[in-house]
Amino acid sequence: MSLSGRRIEVRGVVQGVGFRPWVYRLARRNGLSGRVSNDSRGVTIEAFGSDRELDAFLDSLVVSPPPSARIRELEWRRIASEPPSGFTIAESSEDGARRVSIPPDLPTCEDCLTELLDPQNRRYRYPFINCTNCGPRFTIAREVPYDRAATTMAAFTMCPSCQAEYDDPNDRRFHAEPNACALCGPRLTAVDPRGESLSWEEPIRHAARALEAGLTVAVKGIGGFHLACDATSPLAVQRLRARKKRDEKPFAVMVRDLDAARRIALLSPGEETLLTASERPIVIVARRNGCPVAGEVAPGNPWIGLLLPYTPLHHLLLLETERPLVMTSGNLSGEPIVTSNAGALERLGPLADALLVHDREIESPCDDSVVRLVAGRPTVFRRSRGYVPRAVPAPRPFGRPVLACGGHLKNTFCLGAGDALFLGPHIGDLDNLDTLEAFEEAVDRLERFAGIRPEVVAHDLHPQYASTLYARGRTECTPVAVQHHHAHAASAIAEHRITGPVLAVAYDGTGYGTDGTAWGGEILLAEAGGFERLATWRPIALPGGEAAIKEVWRIALSLLDDAYGGDPPLESFPMFARVASERLSAVRKIGASRDTAPLARGVGRYFDAFGALFLDRPESRFEGQVALEWNAVANPSESDAFPFTVDRDGALPTLDLRASVRAAVAAFCSGAGPSLISARFHNTVVRATEELLRVAAEGPARTPPVVLTGGCFQNALLTESLLRSLGGTFRVLLHGEVPPGDGGLALGQAIVANAVSTGGGT
Ligand code: ZN
Ligand code: ZN
Ligand code: FE
């Protein structure tokens, strides 16, 4: 029988996920000889056998790879060389440019779960069980290439049984870097808030009882600590809320399994798939009426963020108690997530009644990711644990390596080099020194992991953002300032690998414009290398600037004054009756001067203002709260809209909603409820956007695809309605793995910086 040889190159997430041993077993099963090795770009296989055997082998490679592997590209060609005897796993080679070879953290697999609950197994109830298909990865890595000595598992010496598994290519723990057992691996302990050991023989069982008694337990996880409490107990949730100083922002809830999730929420098949996906994100779903979760978990919110257990410790804890558990990031509001045991005692000690800690260190902080199904597709709102550091393919190769520093709120950063973009973990709002420090450390780390030395640094156009100041401090790099909404548009361009221009509908709360004012209702004709602004929204004055974003009644007042030429029917709104008249006139005075009341075009500000007026909500307790509630209340079966105009006299076509404001007020005064007014408001935004796009697309053959980008497109109702109404005229593209909000900004900045610094277009 004649043997042929093939060289197969596989790219994607194929390292640290059990790919080589799986190839090894598959090759042996197919009777092939040859070798498999990791290299800087993925995995290379040289296989020898009959053509029939080789074809079967290739089919299996594509059809049934290990669960956490992601094959992005597979190429093969024939090779003529002497077939070796047998099949081997070759040592890794460090050829060429280094690329991140560390996979994202992986949830406990079915095999490990079975062993975890099997009293005969040597890892029965061992909370750190893992294998080549599961366990921590990114968060324990200290250096590359990813092997045990370069992880926080280096501190643990494997016992003979674990070592034998690790060395055996036929074992499912072959080269599972965090491999461990109760004899040799990390240990779980329970301590009180002062760090004194609690003499709990079964820490998990005791913790479960404490939770059921209404106490708060800090739990060390994969990318940081969680604060946990009984999600069915209003008292327990209120207590945690008060301690965390987190007024009304929703908490995520962890449930034991899909059945438990179904009791809390109405799940579509797509949502169930998301809940069980290997990223194990928090999935935002519709809460069931009368479900057992306390309303205090997400006050005034019809949705709830659910997630399934993703570590053995979570599984054991959730099996121990019947209750769904609040699992919120272990931090004080506004601070970065706590990762070290010492940090937990210092910062979470005062918040928790007990702490479940262990001695496996977390090297990289990584918050839970957040995803929602929008128009039937997963849209990532926060891309962090489970995704990071998986690359997003670049639409065009990078000339020089780029670091993009992101925006101010919900910051992430991004590294781009070669054909890959690495979006870093969620950092948070860069409002304080701790968060900024976490940002700098995360940048350092990912540069090291990816082997990227940035030569270009991209930042937001806003001169005062902490991320901008950091970028300007990287004096070894060429700086490129990127306009906020251009970056949003570019993030969509990158995600969809578009080469030509797009019509970008960029709607969000705020972003620094090229004219120094706050933009956020923009229609842009954009490509990576530049943009043209084609239309915008009429600005609203924000009396007191930032203060108005919290005290949204000020924006509402501005909106009314503008719509009624200074004499609105304030008496129709109880909200204003509660404000002292001197305060009202003071705010109006502030509002009249551009020095104290900057103009803002953000669509998010319109949501704030309408929500404030018609829900009687004078204040926003967390970013976007009132806008979110205004979205939530809309009755989707209403089809009417309010009147509006597009002013085409000025340099730029401008959407004017003053007639909408008056019509909404009239409806309100004649007894219409918020669900009707909100629905009509949403419909108005949809029709107005359609009109703006019609105006923008006039002229010479402008029919590029439309992208919907910016934080407003976390609003599923708005996104889905717009998709439906535009779908007939335009090709409309939505965000998927790259967040539509500011969490995706850095990725767009990187694309723009690459295009600008190499002088090219897209
Ligand atoms: Zn496993
Ligand atoms: Zn062991
Ligand atoms: Fe934005």
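Preceding this paragraph is the structure being described.
For the structure given in this document, a descriptive report is provided here.

This next bit is on the overall build of the protein chain. A count of helices and strands for the protein chain gives 23 helices and 31 strands. The C-alpha atoms of the protein chain give a radius of gyration of 27 Å, which matches the 27 Å a tight globule of 762 residues would have. The principal-axis extents of the C-alpha atoms in the protein chain amount to approximately 90 × 65 × 50 Å. Looking at the protein chain residue by residue over its 762 residues, the buried ones come to 59%. Here the analysis covers contacts within the protein chain between residues at least 6 apart in sequence; of these, 71% occur between residues at least 24 apart. Taken as two groups, the 82 positive and 91 negative side-chain charges of the protein chain have centres that lie 1 Å from each other.

The next subject is the pairing of strand β16 (residues 377-382). Strand direction decides the pairing type here: strand β15 (residues 370-374) and β16, joined by 5 bridges, are antiparallel. Looking across to β16, one finds that Val 370 is bridged to Arg 382. Between β15 and β16, which pair antiparallel and follow one another directly, the connecting turn spans 2 residues, one of which, Ala 375, has a positive phi of 50 degrees.

For the rest of this paragraph, the subject is the coordination of the zinc ion (ligand 1). Ideal values for angles at a metal depend on the geometry: 109.5 degrees with four tetrahedral donors, 90 or 180 degrees with six octahedral donors. Cys 109 (SG), Cys 112 (SG), Cys 131 (SG) and Cys 134 (SG) make up the full set of protein donors to the zinc ion (ligand 1), lying at 2.3 Å. Coordination geometry of the zinc ion (ligand 1): the 4 donor atoms subtend angles of 103 to 118 degrees at the metal centre, consistent with an arrangement described as tetrahedral. For Cys 134, a relative accessible area of 0% corresponds to the buried category.

Further remarks concern helix α15 (residues 553-563). Residue pairs three or four apart in sequence face the same way in an α-helix, which turns once every 3.6 residues. Buried residues dominate α15, accounting for 10 of its 11 residues. Residues of α15 that are buried: Trp 553, Arg 554, Ile 555, Ala 556, Leu 557, Ser 558, Leu 559, Leu 560, Asp 561 and Ala 563. Of the surrounding secondary structure, the elements contacted by the buried residues of α15 are β26 (540-541), α14 (546-550), α16 (574-577), α17 (581-592), α18 (603-615) and α20 (658-669). Note on α15: the residue one or two positions beyond its end, Gly 565, has a positive phi of about 60 degrees.

How each quantity is defined
Residues numbered from 1 in each chain as written. Chains lettered and ligands numbered in written order. Predicted model: local features only at pLDDT ≥ 70, side-chain atom pairs only at ≥ 80, totals over all residues. Heavy atoms only, no water. Helix = DSSP H or I, 4+ residues; strand = E, 2+ residues; numbered from the N terminus. Rg over C-alpha atoms; globule rule 2.2 N^0.38 Å. Buried < 20%, exposed > 50% of the residue type's maximum accessible area, 1.4 Å probe, protein only. Contact = heavy atoms within 4.5 Å. Lys, Arg positive; Asp, Glu negative; His and termini not counted. Charge placed at Lys NZ, Arg CZ, Asp CG, Glu CD. Pairing = 2+ DSSP bridges. Donors = N, O, S within 2.8 Å, 3.2 Å for Na, K, Ca; no water. Tetrahedral: all angles 85-135°; square planar, octahedral: opposite > 155°, others 65-115°.

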